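# Reading the structure
Each chain, written out:
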Amino acid sequence: MNKTRLDRRQFLSAGAVAALLPMVGTRSVFAADVAKVRHFWWGNPERDKRTFAVIDIFNQKHQDIEVVGETVSFPDYFPKLNTQIAGHNMPDVIQHGYGAIFEYIERGALLPLDEFVGKALDVTQMDESAIKAGTFGGKLYALSIGANSHMTIYNADAFKKAGFEAGNGFDPFGWTYDDLKRIGVEIAKANEGMAGTEDATANYQLFSDFVTQNGVHFFNWDTGDIDCPAELVAEYFAMWKDIRDAGATLPGKASAGVVGAQMADWPLTKGTAATTFQWSNQLVGAQKINEARLEAAMYPNTAEMVPGSYVQPSQFICLTRDSANPEAAATYMSAFVNDTDMTNILGLERGIPANTAARNALIPTLSETEAKSVAYMDGISSKSAPLPPPFPSGANEIEQTYQRIATGVLLEQDDVKGAAENFIRQAKFIRKRNS
């Protein structure tokens with residue numbers, strides 16, 4: 001999907017534009033003194049609908065600023081952003097993730113927000129932890145849109161059919177990889193045509209959690225070097241091969257075909273697997289397109305009950321180096337996280353708001369699924385791993401390399417040991433090139 005508010009306007013006749021004017025007050029869309037702000041994010045139909053709606057609210061309230069939204073799917077987002085960075089034509093405001101933001105700060109693509117704080121930008125009601133998470137080198141570069149964590153989203157109806165319910169044969173906060181295999185096999189037996197779990201061999205997030213659970217950080221916290229040994233990568237690949245061979249997952253070739261799939265094409269959504277390993281903010285959108293009742297669980301623990309997931313900002317909203325109207329952009333960013341008319345529409349789709357007033361305003365409006373998301377974050381708060389520093393330059397490329405090599409494992413093009421060694425070798429090369 002690639003739609004923009006600008007594109008829709010290009011198709012409006014002059015008469016249609018005139019008809020819209022009462023909705024935007026007295027502002028003329030042709031006025032030269034209106035500051036233009038472009039907001040770019042990766043999205044899905046639900047996120048896009050909500051974000052365009054809050055842009056409309058902002059534009060109605062701010063006659064001197066006009067925000068235009070631009071959205072693409074996640075796989076297309078960073079390639080397009082990198083092209084814009086090279087061409088010095090980035091949008092004013094962009095969405096970013098915690099894991100890779102430091103790379104873009106290092107590249108000079110983002111501007112610090114400090115000069116706008118207390119003026120165009122209000123951070124007085126933001127959680128201190130959220131401010132800290134968006135601060136790098138002593139400067140505030142990013143506003144947290146919400147809190148987020150890794151989440152197993154599972155088909156509760158399929159689990160129940162196999163005899164597993166939360167508190168009855170299944171502990172959503174206390175299950176292990178061994179439980180995943182055992183439960184997955186039983187679900188596959190009880191639900192014809194459905195695997196117990198998707199195969200997470202190529203899921204970089206779950207792999208990263210597995211590394212942390214084994215007492216290692218993939219990236220050294222001080223130097224950014226690769227600390228993960230190839231043997232641990234091979235162990236992860238082998239663990240999933242064992243789960244796959246037991247019959248708990250789809251066959252390797254089928255799993256390879258959905259690596260990096262969008263929500264509509266997840267095996268969970270297609271009804272071919274009972275679990276998926278995603279981010280907690282995706283539960284709401286997933287339930288909207290799934291007929292089955294969805295519930296939340298942690299990523300699996302180790303046999304020693306060591307968790308790997310941590311709570312982090314779901315996404316950031318950031319100001320770019322190429323902004324022609326940075327003060328107007330900061331005004332919009334401030335409203336995006338503070339204006340409860342806007343945050344109520346955004347809801348929890350990007351995570352639980354880091355703004356106290358926004359959270360309080362949302363509580364009475366929460367749907368059943370949104371309440372599940374909040375309850376999950378409450379449940380994981382005392383069981384999560386420490387938040388690591390932002391990943392160093394090259395982290396995005398390393399993740400893409402991991403997915404490619406792991407897909408080869410699923411296709412049985414590479415053996416587990418050789419693929420693991422190849423990944424670590426390439427990861428080290430990427431880090432060296434980017435350091």
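## Examining the sheet that holds strand E13 (residues 294-297)
Sheet architecture is open: three strands sit in the order E12-E9-E13, paired in antiparallel fashion. Two strands lie at the open edges of the sheet, namely strand E12 (275-279) and E13, each paired on one side alone. Recorded for the sheet is a direction-independent mean angle of 35° between the axes of neighbouring strands. Note that strand E9 (residues 150-155) and E12 share five bridges and pair antiparallel. From the neighbouring strand, Tyr 154 faces E12, where its bridge partner is Thr 275.

## With respect to the pattern of salt bridges
One pass over the full model with this rule turns up 21 salt bridges. Residue Arg 359 is joined to Asp 127 by a salt bridge in which the shortest nitrogen-to-oxygen separation is 2.8 Å. Here Arg 359, found in helix H16 (residues 356-362), pairs with Asp 127, found in the loop between helix H5 (101-106) and helix H6 (128-133); they are 232 residues apart in sequence, far enough to count as distant. For the salt bridge of Arg 433 with Glu 397, the shortest nitrogen-to-oxygen distance reads 2.8 Å.

## A word on the nonpolar core
Core analysis: the largest hydrophobic core is formed by 54 residues, its most contacted members being Phe 207, Phe 218, Tyr 236, Phe 237, Trp 240, Ile 398 and Phe 423. Listing elements by their share of this core, those giving two or more residues are helix H7 (156-161), helix H8 (177-190), helix H9 (204-213), helix H10 (230-245), helix H18 (395-410) and helix H19 (416-434). The dominant element in this core, judged by the number of residues it contributes, is H10, at nine residues. When sequence neighbours within four positions are dropped, the list of residues in contact with Phe 237 reads Thr 201, Tyr 402, Ala 406, Val 409, Val 416, Ala 419 and Ala 420. One finds Ala 35, Ile 55, Tyr 332 and Ala 335 within the second-largest nonpolar core, a separate group that totals 35 residues.

## A look at the environment of Ala 86
Its location among the elements puts Ala 86 in helix H4 (residues 74-87). Along the primary structure Ala 86 and Ala 109 are separated by 23 residues, whereas in three dimensions their C-alpha atoms are 9.7 Å apart.

## Quick word on unusual backbone geometry
Excluding glycine, residues mostly have negative phi values, and the peptide bonds linking residues are mostly trans. At Met 305, a position not held by glycine, the phi torsion is positive, near 65°. Summarising the element assignment, Met 305 is placed in the loop between E13 and strand E14 (312-313). Here the phi dihedral of Glu 412 falls at roughly 60°; this positive angle occurs in a residue that is not glycine. As for its placement among the helices and strands, Glu 412 is situated in the loop between H18 and H19.

## Quick look at H4
Over its 14 residues, H4 runs 20 Å from end to end, which matches the ideal 20 Å to within 8%, given 1.5 Å per residue. The complete set of buried residues in H4 reads Tyr 77, Phe 78, Leu 81, Gln 84 and Ile 85. What you see down the axis of H4 is that its buried residues fit within an arc of 125°, all on one side. Exposed residues pointing more than 90 degrees away from the buried face of H4 are listed as Thr 83 and Ala 86. At its buried positions, H4 is contacted by strand E2 (35-42), strand E3 (65-72), strand E4 (93-96), H5 and H18. Looking at the residues trailing H4, positive phi occurs at His 88, about 55°.

## As for the packing of H10 against H19
At a minimum axis distance of 8 Å, the contact between H10 and H19 shows a crossing angle of 135°. When the axes of H10 and H19 are compared, the pair comes out oblique. When the axes of H10 and H19 are compared, the crossing they make is right-handed. Facing H10, whose interface residues are Ala 230, Val 233, Ala 234, Phe 237 and Ala 238, H19 presents Val 416, Lys 417, Ala 419, Ala 420, Glu 421, Phe 423 and Ile 424. Looking at the contact of H10 with H19, its residues break down into ten nonpolar, no polar and two charged.

## As for the environment of Tyr 332
Among the structural elements, Tyr 332 can be located in helix H14 (residues 326-338). With a relative accessible area of 0%, Tyr 332 lands in the buried category. Note: C-alpha distance between Tyr 332 and Glu 66 (266 residues apart in sequence) is 9.4 Å. Tyr 332 has contacts with His 39, Ile 55, Phe 58, Val 67, Val 93, Ile 317 and Met 342, leaving out every residue within four places of it along the chain.

## Quick look at the pairing of E13
Both faces of E13 are covered, namely the face carrying Leu 294 and Ala 296 and the face carrying Glu 295 and Ala 297. Where E9 meets E13, four bridges bridge the pair, whose relative direction is antiparallel. In the strand pairing of E13, Asn 155 is matched with Leu 294.

## Looking at H14
Its 13 residues give H14 an end-to-end C-alpha distance of 18 Å, which sits within 8% of 18 Å, the value for a rise of 1.5 Å per residue. Burial analysis of H14 places ten of its 13 residues in the buried class, which makes it a mostly covered element. Taken together, the buried positions of H14 are Ala 328, Ala 329, Ala 330, Tyr 332, Met 333, Ser 334, Ala 335, Phe 336, Val 337 and Asn 338.

## Observations concerning the packing of H8 against H10
In a packed pair of helices, the relevant descriptors are the angle between the two axes and the axis-to-axis distance. At a minimum axis distance of 9 Å, the contact between H8 and H10 shows a crossing angle of 20°. Judged by the angle between their axes, H8 and H10 are roughly parallel. Between H8 and H10 lies a crossing whose hand is right-handed. Of H10, the residues touching H8 (which contributes Tyr 177, Leu 180 and Lys 181) are Met 239, Trp 240, Asp 242 and Ile 243.

The rules we used
Residues numbered from 1 in each chain as written. Predicted model: local features only at pLDDT ≥ 70, side-chain atom pairs only at ≥ 80, totals over all residues. Heavy atoms only, no water. Pairing = 2+ DSSP bridges. Helix = DSSP H or I, 4+ residues; strand = E, 2+ residues; numbered from the N terminus. Axes fitted to C-alpha atoms, helices over the stretch in contact; angles between N-to-C directions. Salt bridge = Lys/Arg side-chain N within 4 Å of Asp/Glu carboxyl O. Core = buried A, V, L, I, M, F, W, Y, C linked by side-chain atoms within 4.5 Å. Buried < 20%, exposed > 50% of the residue type's maximum accessible area, 1.4 Å probe, protein only. Contact = heavy atoms within 4.5 Å. Expected span 1.5 Å × (residues − 1). Arc of directions from axis to C-beta. Parallel < 35°, antiparallel > 145°, perpendicular 65-115°, else oblique. Left-handed = near helix turned anticlockwise from the far one by under 90°. Nonpolar A, V, L, I, M, F, W, Y, C, P; charged D, E, K, R; others polar.

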